[in-house]
Amino acid sequence: MPDESTDLRETVRRRYAAAAVKVTEGGTACCGAEPVEIDENFGSALYPADEREALPAEALAASLGCGNPTAVAELHDGERVLDLGSGGGIDVLLSARRVGPTGKAYGLDMTEEMLSLALANAARAGATNVEFLKGTIEAVPLPANTIDVVISNCVINLSTDKAAVFTETFRVLKPGGRLGVSDVVADDSLTPEQRAERGDHVGCIAGALSFSEYREGLAAAGFTDVEITPTHGVADGMHSAIVRATKPTAATEAAEAKEPSDACCGVNSCCTPAETSTDPAVTVTEAKAASGCGCQN
C-alpha cells in the first residue's frame, strides 16, 4: 500500500497538473490564459510590473509562488541557476534574462503538464538559455558542484522529505554557491498539528517548517550563513519568507578539515593535560615556539 508521503506527493502532482491544464486551456480561449485562483499572498502580483510585462501571459497565469526568488538570489551574468519546482517557468525565464546568454537557467518539475507549459512559455519568450528537467526536488538529475545558485518559490514546503531536498541542493551547488528561495515558514511556537489547522499540505501551509527547523535542516546539510527573513503573512503564525544560505568554499572546508576546532597555536587542547601537536612530526613545545604562542608551558 502507498505510504502517506507517496499519497501527499501524488496529491501535489494532481493539483499542479490541473493548474497547468487550466492555464493551457485558457490560453486557447478568446480572452487569453486564465489565472489559477489564489489569494493576494500568492501569484504573479508579487513580481514588479516591469518583470510581469516582459513575460508570456501563460507564465504569469501559472504562477503559484509566495515571493520573487529571482530578486533575492542576486543573479549575475554567466551564472548557472536551478529552480526547484519550476512550474510554468516564470522564475526560470526571469533568471535566464538576469544571467544573460553566457549563463543558463534550469527548471526542475515532476509534473508533465507543467513541464509542457514551461517549454511552451520558453518558446513564446524566445529564451534559448533555459532547460527544463523532469524529476523530483529530493533527487535532482544534475551532477554535483555544477550550479551557482539554487532558487525555489514556495515549493520546498510541499516536500515530504525536506532533509533530502537540502542535501541535494547542497550537492549540486558549487563550493561558494548560493541558495535563495521564497517559502512558507511557521512560527517556532506552532506545532505541526497547529500548522495543519491553518491550511492543508497542498495549499503550502501544513507542510511548512518552523524558523528553527529550517535553520537546523540547512545547517545539517552543510550550509552556512543561513538567513530567514519573513516578508508577509499567509496565515496566523505563518509567513512567506526569504531564505538565504551558502555552500562553504573548498578552501574553507579544507581548512576546517585540516585543523580541529579546539586547535590553538598548532596544538590541540592547548594548555590542558590532553594537549597534542597538530603536526605529528613536531613536539608540543616546538609547535608552540614556531607559532609564537604565549602559552609555553
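In what follows, the accompanying structure is described.

### Digging into the packing of helix H7 (residues 162-172) against helix H9 (residues 211-221)
Then step 1. Between H7 and H9, whose axes approach to 9 Å, the crossing angle comes to 45°. Between H7 and H9, the angle is such that the two are oblique. In this structure, the crossing between H7 and H9 has a hand that is right-handed. For the pair H7 and H9, contact is made by Phe166, Thr167 and Phe170 and by Tyr214, Gly217, Leu218 and Ala221, respectively.
Then step 2. Class assignment of the residues belonging to the contact of H7 with H9 gives a composition of 5 nonpolar, 2 polar and no charged.

### Description of the environment of Pro230
Then step 1. Within the secondary structure, Pro230 is located in strand S7 (residues 224-235).
Then step 2. The class of Pro230 is partly exposed, set by a relative accessible area of 45%.
Then step 3. Not counting residues up to four positions away in its chain, the partners in contact with Pro230 are Phe211, His239, Ser240 and Ala241.

### Considerations on the nonpolar core
Then step 1. Of all hydrophobic cores here, the largest spans 30 residues; its most connected members are Leu82 and Tyr214.
Then step 2. Counting residues per element, the ones that place at least two in this core are strand S1 (80-84), strand S2 (104-109), strand S4 (147-153), H7, strand S5 (173-186), H9 and strand S8 (238-246).
Then step 3. Apart from residues no more than four positions distant in its own chain, Leu82 is found in contact with Tyr106, Leu108, Val140, Leu142, Ile147, Val149, Val150, Ile151 and Val172.
Then step 4. Ranked by size, the runner-up nonpolar core spans 10 residues in total, among them Leu190, Ile205, Ala208 and Val234.

### Considering the environment of Asp148
Then step 1. In this fold, Asp148 is placed in strand S4.
Then step 2. On the basis of relative accessible area, Asp148 is assigned to the buried category, the value being 16%.
Then step 3. Between the C-alpha atom of Asp148 and that of Gly176, which follows or precedes it by 28 residues, the distance is 7.8 Å.
Then step 4. The residues contacting Asp148, other than those within four sequence positions of it, are Gly78, Glu79, Arg80, Leu173, Lys174, Gly177 and Arg178.
Then step 5. A polar side-chain atom of Asp148 sits 2.8 Å from the main-chain amide nitrogen of Arg80.
Then step 6. A distance of 3.4 Å separates the side chain of Asp148 from the side chain of Lys174, its partner in a polar contact.

### Observations regarding the packing of aromatic side chains
Given two aromatic rings, one states the distance between the centres and the angle between the planes to describe the pair.
Then step 1. Using the criterion set out here, one finds 2 aromatic pairs in the structure.
Then step 2. Between Phe166 and Tyr214 the ring centres are 5.5 Å apart and the planes differ by 45°, which places this aromatic pair in the tilted class. Note that Phe166 is positioned in helix H7 and Tyr214 in helix H9, a separation of 48 residues in sequence. Each member of the pair, Phe166 as well as Tyr214, is classed as buried.
Then step 3. Ring centres of Phe170 and Phe223 lie 5.2 Å apart, and the angle between their planes is 85°; this geometry places the pair in the edge-to-face category. Of this pair, Phe170 sits in helix H7 while Phe223 sits in the loop between H9 and S7, placing them 53 residues apart in sequence. With respect to class, Phe170 is no different from Phe223; both count as buried.

Rules and cut-offs
Residues numbered from 1 in each chain as written. Predicted model: local features only at pLDDT ≥ 70, side-chain atom pairs only at ≥ 80, totals over all residues. Heavy atoms only, no water. Axes fitted to C-alpha atoms, helices over the stretch in contact; angles between N-to-C directions. Helix = DSSP H or I, 4+ residues; strand = E, 2+ residues; numbered from the N terminus. Parallel < 35°, antiparallel > 145°, perpendicular 65-115°, else oblique. Left-handed = near helix turned anticlockwise from the far one by under 90°. Contact = heavy atoms within 4.5 Å. Nonpolar A, V, L, I, M, F, W, Y, C, P; charged D, E, K, R; others polar. Buried < 20%, exposed > 50% of the residue type's maximum accessible area, 1.4 Å probe, protein only. Core = buried A, V, L, I, M, F, W, Y, C linked by side-chain atoms within 4.5 Å. Polar contact = N/O pair within 3.5 Å; in protein donor to acceptor, adjacent residues only side chain to side chain. Phe/Tyr/Trp six-rings, centres within 6.5 Å; stacked < 30°, edge-to-face > 60°.

Read these as geometric descriptors, not functional statements.
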